[in-house]
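Each chain, letter by letter, is given below.
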Amino acid sequence: MTDTEREIYRRNILLEGVGEEGQRRLLESRVLVVGAGGLGSPALFYLAAAGVGEIAIVDADRVDLSNLQRQILHGRGDVGHPKVDSAGRSLLRLRPDLRLTLHPVRLTEDNAPEILRGFDFVIEATDNFQSKFLVNDTCVRSGTAFSHAGILGMCGQTMTVVPGKGPCYRCVFEDVPPAGAVKTTSEVGVMGSVAGVLGAVQATEAIKHILNLGRLLVGRLLTWDALSMTFREVELPPGRQCPVCCGRT
Ligand SMILES: [Zn+2]
């Protein structure tokens, strides 16, 4: 570690259980984030700021004016351009040394195993159920830990999946709901700061996993109602296994 890095990460290094060795581990770690939107923006900013060595971003969308109230990686000048490009620029302004891989593609059954391969942790920061189940199934099959989060209106939820150590997203939510059964943020809206809190929780889980710190949100679903400012923890049944989890063993 250089003297400059020691200075940048001084407050990480001071933390109990981190130290220079933990910081070195962060600088050698690789995290992939699916979605550079409302959840991905804060998650990516905090992962880069913490010193994660290599970050990959998957997002096929272009920046829209209606994204800017929550997707804080992007600015007015980025409207119409690929989200991965403005996300990459924002992160490199903070971290010129960051090793960055940009995938301006939609994640599919075909490309997911290749794109998600070889990471220490994956952050599922998508806005649709197909992608959520696809990230889950791909990560469970490859044994990769990941964080799920979802936001709607003034509420959010998040859980962490460590394959083999607790239930996965499919164990809990079973399958993609029928079209129209669950409202979307484009119908009922979402507060940008709500996405900010959940995305920051996801980055924190990634960092904890890499550093082997504390207790992850495994087997627990954390829900948050910002209007009443209430966090709740729902214990998830440990024994329940979905076909994807069963296929591993
Ligand atoms: Zn499962």
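One can find the structure itself at the top, above this paragraph.
The structure reproduced in this document is the subject of the present report. (Residues numbered from 1 in each chain as written. Predicted model: local features only at pLDDT ≥ 70, side-chain atom pairs only at ≥ 80, totals over all residues. Heavy atoms only, no water.)

**Some words on the coordination of the zinc ion**
Around the zinc ion, the protein supplies C168 (SG), C171 (SG), C242 (SG) and C245 (SG) as donor atoms, at distances of 2.2 to 2.4 Å. For the zinc ion, the four donor atoms in the first shell make angles of 100 to 116° at the metal, so the coordination geometry reads as tetrahedral. Motif for the zinc ion, donor spacing along one chain: C-x2-C-x70-C-x2-C. One end of the pair, C171, is in helix α8 (residues 169-173); the other, C242, is in the loop between β8 (230-235) and α11 (243-248), and 71 residues separate them in sequence. No difference in accessibility class separates C171 from C242, as the two residues are buried. (Donors = N, O, S within 2.8 Å, 3.2 Å for Na, K, Ca; no water. Tetrahedral: all angles 85-135°; square planar, octahedral: opposite > 155°, others 65-115°. Helix = DSSP H or I, 4+ residues; strand = E, 2+ residues; numbered from the N terminus. Buried < 20%, exposed > 50% of the residue type's maximum accessible area, 1.4 Å probe, protein only.)

**With respect to unusual backbone geometry**
The backbone of E174 sits at a positive phi, close to 65°, despite the residue not being glycine. Summarising the element assignment, E174 is placed in the loop between α8 and α9 (185-188). Unlike most non-glycine residues, N212 shows phi in positive territory, near 55°. Along the polypeptide, N212 turns up in the loop between α10 (192-211) and β7 (220-225). By relative accessible area, N212 is classed as exposed at 69%.

**Side note on the pattern of salt bridges**
Enumeration according to the criterion identifies 16 salt bridges in this entry. Among the ionic pairs, R30 bridges to E54, the shortest N-O distance being 3.0 Å. Residue R30 is located in strand β1 (residues 30-34), and its partner E54 is located in strand β2 (residues 54-58); the two are separated by 24 residues in the primary sequence. A relative accessible area of 25% places R30 in the partly exposed class. Relative accessible area serves as the criterion here: at 15%, E54 is assigned to the buried category. Two residues, D97 and R95, come together in a salt bridge whose shortest N-O distance is 2.8 Å. (Salt bridge = Lys/Arg side-chain N within 4 Å of Asp/Glu carboxyl O.)

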